Structures are given as structure tokens and as C-alpha cells.
Amino acid sequence: MALVYDMFIDGQWVHSVSEETMEVRCPADQSLVATVAKANSDDVDVAVQAARKAFDKDEWSSYLNAPIRADYLRKIATILHEEVDRLAELESLSSGKPIMETSMIDIHLAADCFSYYADLASHIGGRQVPLAQQVLDFTLREPIGVIGMIVPFNFPLLLASFKVAPALAAGNTIVLKPSEYTPLTVLELAHICNRIGIPDGVLNVITGFGKDAGEALVQHTEVDKVSFTGSTATGQRIMELCAKTLKKVTLELGGKGPNIVFADCNLDQAVSGVMTGAFMNQGEVCIAGTRVYVERPIWDQFVSQFLTRVKKLKVGHPLSWDTNMGSLISQQQLDKVEYFVSRGIAQGGHLLCGGKRPTDPELAAGFFYEPTVFIDVPADADICQEEIFGPVIVILPFSGEAEAVALANQSKYGLAGGVWTQDIKKGLRMARRLQLGTVWINNYSMLRVEAPFGGYKQSGMGRELGIEGLLDYTQVKNVYVELEDEILYLYD
Ligand code: NAD
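Note that the structure is a prediction, hence the values are computed from the model and not measured. (Residues numbered from 1 in each chain as written. Predicted model: local features only at pLDDT ≥ 70, side-chain atom pairs only at ≥ 80, totals over all residues. Heavy atoms only, no water.)

J.: Residues and numbers for the overall build of the chain, please.
T.: Counting secondary structure elements, the chain contains 15 helices and 23 strands. For a compact globule of 492 residues, the expected C-alpha radius of gyration is about 23 Å, and the chain comes in at 24 Å, within 12% of that figure. For the chain, the spread of C-alpha atoms along the principal axes amounts to about 80 × 60 × 40 Å. For the chain, with 492 residues in total, the buried portion stands at 57%. Looking at the chain alone, contacts between residues at least 24 apart form 75% of all its contacts between residues at least 6 apart. Carbon together with sulfur atoms contributes 53% to the accessible area of the chain, which is approximately 20,000 Å² in total. (Helix = DSSP H or I, 4+ residues; strand = E, 2+ residues; numbered from the N terminus. Rg over C-alpha atoms; globule rule 2.2 N^0.38 Å. Buried < 20%, exposed > 50% of the residue type's maximum accessible area, 1.4 Å probe, protein only. Contact = heavy atoms within 4.5 Å. Areas by Shrake-Rupley, 256 points an atom, 1.4 Å probe, with all protein chains shown as cover.)

J.: Lay out the domain arrangement of the chain in plain terms, naming residues and giving numbers.
T.: Taken domain by domain, the chain comprises domain 1 (3–253 + 459–478) and domain 2 (258–441). Between the C-alpha centres of domain 1 and domain 2 the distance comes to 31 Å. Between domain 1 and domain 2, the contact holds 26 residues from the first and 29 residues from the second. Contact with domain 2 buries surface across domain 1, with A28, F153 and S459 losing the most and accounting together for 22% of the total. Where domain 1 touches domain 2, the interface holds zero salt bridges. Connecting domain 1 to domain 2 are twelve residue pairs in polar contact (both at pLDDT 80 or more). (Domains from an automatic or database assignment. Buried area = accessible area lost by both parts, 1.4 Å probe. Salt bridge = Lys/Arg side-chain N within 4 Å of Asp/Glu carboxyl O. Polar contact = N/O pair within 3.5 Å; in protein donor to acceptor, adjacent residues only side chain to side chain.)

J.: Outline the environment of A379, supporting the account with residue identities and numerical values.
T.: Here A379 lies in the loop between β16 (372–375) and α12 (382–385). It is 27 Å that separates the C-alpha atoms of A379 and M325, two residues lying 54 residues apart in sequence. If we skip the residues at most four places from it in the chain, A379 touches C384, Q385, L396, L407 and Q410.

J.: Please give an account of the pairing of strand β14 (residues 291–295) that cites residues and values.
T.: With five of five residues buried, β14 lies mostly within the body of the structure. Across the two faces of β14 the burial is the same, with R291, Y293 and E295 and V292 and V294 all buried. When strand β13 (residues 258–261) meets β14, the two strands line up parallel, connected through four bridges. Pairing of V261 across the sheet is with V294, part of β14. On the question of chirality, the crossover connecting β13 to the parallel β14 by way of helix α9 (residues 267–279) is right-handed. (Pairing = 2+ DSSP bridges. Right-handed = clockwise from strand over helix to strand, strands pointing away.)

J.: Before we move on, could you go through the site of the ligand and cite the residues and values that matter?
T.: Taken together, 28 residues form the shell around the ligand, and within it E180, E215, T234, L253 and E387 come nearest. Taking E252, its side chain carries an N or O atom lying 3.4 Å from an oxygen atom of the ligand. E387 places a polar side-chain atom, nitrogen or oxygen, 2.5 Å from an oxygen atom of the ligand. For the ligand, whose accessible area on its own is 840 Å², the fraction buried by protein is 89%. Residue assignment for the shell around the ligand shows that the elements contributing at least two residues are α7 (210–219), β11 (225–229) and α8 (232–243). (Near = heavy atom within 4 Å.)

J.: Would you mind going over a nonpolar patch on the surface in detail, with residue names and values included?
T.: A contiguous nonpolar patch, built from M100, M104, I105 and W321 and spanning about 420 Å² of accessible area, is present on the exposed surface. For M100, the location among the structural elements is in helix α4 (residues 99–120). Taking relative accessible area as the criterion, M100 reaches 31% and is therefore assigned partly exposed. (Patch = residues over 30% accessible without salt bridge, like charges linked within 9 Å, V, L, I, M, F, W, Y side chains within 5 Å.)

J.: Can you tell me about the sheet that holds strand β1 (residues 3–5), naming the residues and giving the values?
T.: Taken together, three strands build an open sheet; the order of strands is β1-β5-β4 and the sheet is mixed. The strands lining the two open edges of the sheet, one partner per strand, are β1 and β4 (21–25). Pairwise comparison of adjacent strand axes, ignoring direction, gives a mean angle of 20° for this sheet. Here β4 runs beside strand β5 (residues 32–37); their pairing, made up of five bridges, is antiparallel. (Axes fitted to C-alpha atoms, helices over the stretch in contact; angles between N-to-C directions.)

J.: Explain the side chain of R291 to me, using residue names and the numbers behind them.
T.: Topologically, R291 is positioned in strand β14. Despite its burial, R291 remains without a salt bridge, the nearest opposite charge being carried by E387 at 11 Å. There is a polar contact of 2.9 Å between the side chain of R291 and the backbone oxygen of K256. Filtering out sequence-adjacent residues up to four positions away, R291 remains in contact with K256, G257, P258, N259, C384, V394, L407, A408, Q410 and S411. (Lys, Arg positive; Asp, Glu negative; His and termini not counted.)

Okay, here's the thing in C-alpha cells:
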């Protein structure tokens, strides 16, 4: 039987003001997973006012409460670990992600994020500024206030945790809007917060569509900062809307990851890493390594080994343990993938595998797509430049470091990329020259909660994770204390 969820506002589970609801369906077979409340601007307003009230009370946000906030975060982490099986299943059902990924990575990493920021909560401090002896000057790191958070469908709970954990650690209050496709695990996070007794109004979750609930949240005058993860196009719209009230913004946006394989790499390792980087989460990953550059001396060997491995990937139901790639999120996303594949062929690309939906009748009702590999595509073709957000990659040859750098940097995006070489000096030279927020050397897709993550160029602004991700939820106040009695004022 389908689940039913209300929204979590001011410590209460409530219907939407309009009483409207929306459906969450499993993208793998269209079965109804849940019915959830559908928010519009009225609900956003109630939620933001609750967050404002909770912030202004000072109990939550005051610096002295950091150990108490840390305690809550630790409790959330513990429950996430304890309930990983249930949460992973819910995540896979609504997002189409393979259960192997949600149960082994997503939920545990979300829990790690809460533990990490619990440890940092009491260490948020300012600095003393050395001035003349008769002056004491220091800075305070204060929470920003009410944070409006909007997250996408591809890692629903995980990406929400990347925001919620540091924002709470720093003493902010939150109104969080998950994707309309995948609100369930974020609502479960609200359930956990309710169970552990987080004060009313500190975390509010509203469920609804971007145009209604999302835009109302971004434009609300009582929201002090917007933290958004999603497409570059939506990020541009959000920045435009935030400009009207000069809200602070963190934007985690799209990508088109270059993955550079040098001839001196460990080939087996590189093949596995490139495959994971390309097809994990059926390619619906912002950091997906979808532009693979292979140095000419190992071109034949790499391509042949890679294809043999890719052809063994199993596309299947997200709840099957042997599934490597699940279902795309929606018909719209499937249409987008099919459009780009046809563009790739039209622009001269040669398909090595995939390029179609699987023929297995058991998958006919879902938005499945085969892993797809193109070669012989001009570097400026659409499929080399645009984020497809599906299991479609290009492999192109290069000769030497300079050409690899030029090809990799030929992109409006700058989120993350990889370099495969056993020459560490070469790897480090490449890391410096790549215009990317994250560079992996001999690895790919490895996100650690301790390390900052975010985009160069049109992949975003601000950072999540690490100490940087915490500081992005604080603002700096300078305090100047005059210790001298005899001061010469300008207007004495
Ligand atoms: P999207 O931009 O369509 O939607 C993301 C969220 O924004 C959803 O909650 C949606 O309801 C909301 N939204 C949509 N229009 C809005 C508007 N006008 N105002 C306010 N909110 C609005 O993105 P998506 O399809 O859900 O996710 C895929 C995109 O997210 C890809 O581009 C991917 O690269 C990006 N992404 C980036 C990161 C990162 O950390 N850089 C991580 C994951 C995904």
C-alpha cells in the first residue's frame, strides 16, 4: 500500500494549506510509492515564519548551544545508520537508484556528514585581529539565519544532509524543499528530527514543485540565504531571484566531468574508475566523468577492455541486488537522453554500444537506458559539451599533457574530473592546470565529508563539505574594543 506523508512545519505534521497532494511514483515501473502534501507559497510562508521564530529565540542559534546542537546531529547519525535498510529501499524505490548504491553509500555517507559536523560544531570560532596595544579586535562567526534549501532528485537524502548538517551545526534554522520526484527520505529525516526532539521550527520540510514552492522560498524576504543544488539553468534563475533581496547564495550546479587516462596508468584500475565515474547512478551524477580522454598509445587497449566491461553492466530494477544501473528518474529525462544520442549520431559520432533502451520486457514500464559509448565525435559537439545526465559518454584520443589540459578545460562547466597516471608529478601538474573544483588522481567519484566540494565556472559558487562547507553557513562580525581612555576624536 502506498505511503502518505504530510509536511513538517514548526514541529508538526501538517497538510498543505490548499489540501492539495502529489504522487511519488517509482520510475522503474510507475507504481505508486507515496502521496505527499503539495506546497505553494502559503505553506512556504508558514514554514519560513516558523524558522524565523526559532532562529530569533536565540536558544538554538547561540554559540553556547553548540554542544547541544552537536548532540542532536550525533543522534541523527546514529538513527540513519540504524535504519539504513529501510531508508535505502525507500530511496531506491522513488529515485530508481540501485539498492547497492543507496544501502552501501548514500545513507551511510549522509550519517557520516552529521557525525562530522557534530564534531566541528564546537570549533566554530573567530580570530583575534592584531591591532595597536590599546585596542582589542576580534571576529565572531555567527549563523546567518533562516536558510532556504532546495535539493535535486539524484541523491535526495545525501545532498540534503550536505546542507542540513553544517547549517544546523552553525546554529541556523532551515526550510528545506526536496525534489518533487524524491521527497520521501528527506521527510524521513524530518521524522528523525521530530523523534529526537529538535526544537520546533529548526528544521521544516515543505514538499512541492520548483515553480511554486521553490520560487516562493527563494523570494521570501525572511530567508537570509539560499543553498541550492540542481541544474545550472535553475541555478541561474535562483540567482536572479535572490538578487532582488541580495540573499546570500550557494549554488551546486551541473557538470561535464573530464576523465583523463594517460598511457602510463594502471589500466585495470583506470578502466574500473572510468566505468564507475561514467555509469554510477545510471549517469545521473553531477560529477559523472562523461568526457573520457585516452592517450593515443593505449587507445585500442583501453577501448577494447572498457567495452568488454561495460557490456557486462546489468541494467535492472533498482531493488535487485545485482543491478548496476537502475532507472532514469522520468520520461522527461529519458527524452533528454534520447535527444542527445540522436544529436551525437547527427554530429558524426560513432556508437560503440548502447544508444537505446533495453529490450528486456520486464523493464518496459521504466525509464531505463543502456550504457552508451560514443567515439569519433568533434570535441565541440553537443554530447561533448552539454550535461546529458544519463548513461552516455564520449571517448576521445589525445597526445600529451598540453592537449589533455586543453580538451578538459574546453567546457563551460568546472565541477570535477580525474587523471589516471602512475607518474605522480604529472598528476600534480595536471591537477593545477585543470579548471575544476575537484581533481581526483587515480580515483573518481570519491566524495569525503571532510573535503570541500563545489564548482569552478558555471558549476556553481560556494563550497559544501569540509570546514569550508561549515563556514559557508556563517557570517563574520568584527568587534572593535577601545581600551584607551584618552582618544582624539575627529569631532572633539
Ligand atoms: P533541477 O534544477 O531541475 O531541480 C532541482 C531542484 O530545484 C528541485 O527540487 C526542483 O523542484 C527545484 N526547482 C526547479 N525549478 C525551480 C525554480 N524555478 N525555483 C526554485 N526551485 C526550483 O535539477 P534536477 O533535475 O533535480 O537535478 C539534476 C541537476 O542537478 C543536474 O544538472 C546536476 O548536475 C545537478 N546536481 C548538482 C550537484 C552538485 O553538487 N553540483 C549535485 C547533484 C545534482
